[in-house]
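# Tertiary structure, described
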Amino acid sequence: MTQSTEPGRAQTLPEPRGKLNWRDLLSWMREDHLITKEEAQRIFQRCAATTSSQHPLVRLASVGVHHRGDGRLMDMDFFAGWLAKRAKLPYLKIDPLKVDVGRVADVMSITYAERNLALPISIGTSEVTIATCEPFDTFWIPEIERHTSKRVSLVVSSPADILKYTTEFYALAKSVKAAQRAGVANATSSFEQLVELGRNNRQLDANDQGIVQVVDWLWQYAFDQRASDIHLEPRRELGIIRFRIDGVLHTVYQLPMGVMNAMTSRIKLLGRMDVVEKRRPQDGRIKTKNPGGDEVEMRLSTLPTAFGEKLVMRIFDPEVAVQGLDELGFSPRDAERWTTLTRNPHGIILVTGPTGSGKTTTLYSTLRRLATDEVNVCTIEDPIEMIEPAFNQMQVQPGLDVTFASGLRSLMRQDPDIIMVGEIRDLETAEMAVQAALTGHLVFSTLHTNDAPSAIYRLMELGVPSYLINATVLGVLAQRLVRSLCPHCKQPDERLDAEGVNDMIKPWKVKGGFQPYKPVGCLECRNTGYKGRSGLFELISMSEAMKTRVTESPDLTALRQQAVEDGMTPLRLAGVTKVAAGLTSIAEVLQVTPQVSG
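Conventions we followed
- Residues numbered from 1 in each chain as written.
- Predicted model: local features only at pLDDT ≥ 70, side-chain atom pairs only at ≥ 80, totals over all residues.
- Heavy atoms only, no water.
- Pairing = 2+ DSSP bridges.
- Helix = DSSP H or I, 4+ residues; strand = E, 2+ residues; numbered from the N terminus.
- Axes fitted to C-alpha atoms, helices over the stretch in contact; angles between N-to-C directions.
- Contact = heavy atoms within 4.5 Å.
- Core = buried A, V, L, I, M, F, W, Y, C linked by side-chain atoms within 4.5 Å.
- Buried < 20%, exposed > 50% of the residue type's maximum accessible area, 1.4 Å probe, protein only.
- Arc of directions from axis to C-beta.
- Parallel < 35°, antiparallel > 145°, perpendicular 65-115°, else oblique.
- Left-handed = near helix turned anticlockwise from the far one by under 90°.
- Nonpolar A, V, L, I, M, F, W, Y, C, P; charged D, E, K, R; others polar.

Turning next to the sheet that holds strand E2 (residues 127-132). The strand order across the open sheet formed by three strands is E1-E2-E3, and the pairing between neighbours is mixed. Since the sheet does not close on itself, it has two edges, and those belong to strand E1 (118-123) and strand E3 (151-156), each with one partner. Strand after strand, the sheet turns through a mean of 30° between neighbouring axes, direction not considered. Bridge analysis of E2 against E3 gives six bridges, and the strand direction is parallel. Bridge pairing links Glu127 to Arg151 in E3. Packed onto the sheet, helix H7 (residues 141-148) meets E2 and E3 and runs at close to 130° relative to E3.

Here the focus is the nonpolar core. With 88 residues, the main nonpolar core has Met108, Ile130, Ile241 and Phe243 as its most contacted residues. With nine residues, the top contributor of residues to this core is helix H10 (residues 209-224). The contact partners of Phe243, leaving out residues within four places of it in the chain, are Leu97, Leu218, Tyr221, Ala222, Gln225, Ala227, Asp229, Ile230, Val248, Leu249, His250 and Val252.

This part covers helix H13 (residues 332-342). Here H13 has its buried residues at Asp334, Ala335, Arg337, Trp338, Leu341 and Thr342. Viewed end-on, H13 has its buried residues packed into an arc of 165°, placing them on one side of the element. Exposed side chains of H13 directed beyond 90 degrees from the buried face belong to Pro332 and Glu336. As for H13, its buried residues are in contact with helix H12 (325-328), strand E10 (347-352), helix H14 (359-370), strand E14 (442-447), strand E15 (473-485) and strand E18 (530-541).

Pairing within the open sheet is antiparallel, and its six strands lie in the order E6-E5-E4-E9-E8-E7. Among the strands making up the open sheet, the edge pair consists of strand E6 (248-256) and strand E7 (282-289). Ignoring strand direction, the axes of neighbouring strands in this sheet form an average angle of 20°. Here strand E8 (residues 295-305) runs beside strand E9 (residues 308-316); their pairing, made up of nine bridges, is antiparallel. What sits directly across from Arg299, in E9, is Arg314. Along the sheet face, helix H11 (residues 257-270) touches strand E4 (229-234), strand E5 (238-245), E6, E7, E8 and E9 and points at about 110° away from the line of E6.

Looking now at unusual backbone geometry. At the junction of Asp382 and Pro383, the peptide bond is cis and its omega measures out at -10° in the coordinates. By the element assignment, Pro383 lies in the loop between strand E11 (377-381) and strand E12 (392-395). In the Ramachandran plot, His33 falls in the positive-phi region, its phi being about 60° despite a non-glycine side chain. Mapping His33 onto the fold places it in the loop between helix H1 (22-31) and helix H2 (37-48). Residue class for His33 comes out exposed when judged on its relative accessible area of 52%. At Leu117, a position not held by glycine, the phi torsion is positive, near 50°.

When two helices pack together, their arrangement is captured by the angle between the axes and the distance separating the axes. Where helix H3 (residues 56-63) meets helix H4 (residues 76-87), the axes come as close as 9 Å, and the angle between the chain directions of the two elements is 135°. Taken together, the axes of H3 and H4 lie oblique to each other. The two elements H3 and H4 meet at a crossing, and its hand is right-handed. Counting all contacts with H3, which are made through Leu57, Val58, Leu60 and Ala61, the residues of H4 involved are Met76, Phe79, Ala80 and Leu83. Of the residues belonging to the contact of H3 with H4, the class tally is eight nonpolar, no polar and no charged.

Across the interface, helix H17 (residues 452-462) lies against helix H21 (residues 556-565) with an axial gap of 9 Å and an inter-helix angle of 135°. One way to sum up the angle between H17 and H21 is to call them oblique. In this structure, H17 meets H21 at a crossing whose hand is right-handed. The residues of H21 that touch H17, namely those facing Pro453, Ser454, Ile456 and Tyr457, are Leu556, Leu559 and Arg560. Taken together, the residues that form the contact of H17 with H21 break down as five nonpolar, one polar and one charged.

Rendered as structure tokens:
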């Protein structure tokens, strides 16, 4: 959060006048020429005709106030920003990820906060920043300054945000303290104390009501913040909660280690994992519901570390599997080529890219469209990412000798039409995939390579003969994920040459006359400049010309050149296309796409 005042400088607070009323606000809007005389009369009549206990800003927003200049409807955030200027205070759109939630209750009680419509936002060594929607009701400030021995700095926020987050933050703080009072705060499971813990045989109470509430809050909070992963990380003194949002990790909250250990036990219990076993990595899964009522699948993974068990929860959005190709980021041309490939009755289609590049999302979305009542779709995965009712899914279990190769051999006897193999890691799995394709099945799988042409090279490195590759492989899709520019704050980037775009597009003789955009940062994107992610794709179709280049000693450069001649858009050029459309930044494309000479 941007500091509201400079270090060491006392903030000049508005003269105390008491709480706001709608009549004063209406008069001030007329003084500031925000509304016309006619609009003011309309609002006055509407407000005077009814009584309400709502905050005056909420009441005005519900009436519907039109701006004098352009006629637009002014919302709550606009009113709060205007009021901040009127009070000569900073305006703050509260970002819950940047609030020191654990210390909110140290500044004031929830009763005090609700009575004064004030919410502590950050606590420094000499200053505490408090958000309010009553900037002229400051009689309580001296009391808080005496209580905290810190100077109070005010910011103005929307009353809706203050009411919402006051309830959420204090409920969380209450649950954490309840968990501590229940006695879990002293329970540890760090590497340094494993022997002592085993001797005492002490069990954490994962079903304590405080722990239940904290875990429920954690999940709902993650869904609200669009998180893709939740990390519970033990440290020596405190446990850290982090969310991955748009591919970037954000620290969300710090907890006493005992509370985090009990949370981990609670989640393991719900995921049907061995709660007592803390020395071995474990996997599990949980199905819950998001605030919208939709079912959400979460994959759990634990890892023993020096200070206890680290738990990561991967969240799978139920809407992801039903996204269209355009929503995934396919260009119309590549979407048509991909659809044509997947309509083949048999053969191998490979998806390649590093971990976290969206391969699973692409495969699930594609398979879901293919999984009609007329076909049998079978998968073997490690682990099963999402439970999909339309598929017959099997998980690799090395302890039971169920590998990709042996599982694929078993699937072949299940009368499948379409098979998805989670990953081709060795020659045995590759040979089984080839055999399945030769016997009339459509096989999807993944590889870890830098680009699409390298996937063909990789198959030959594993030991698959070139003639079998030509006979079975239909195409290869390579992909990456780039963060999308926030549509609310992106601005034209005048540094075209400095960013090296001309060098990026030179190999493909693309005109560089477009205007790229750069990230800026605003309230909507938490000042990151990005909101959401989109895919970059390069797609090889195995043409007859390409097959002639797949020999026992293939030239990777020749394969790449032939793929481009056959219509492949290289990953970096696909990125430049999105830059030209104003969807992402040059820096993002340079960061995630490999440099390939033309």
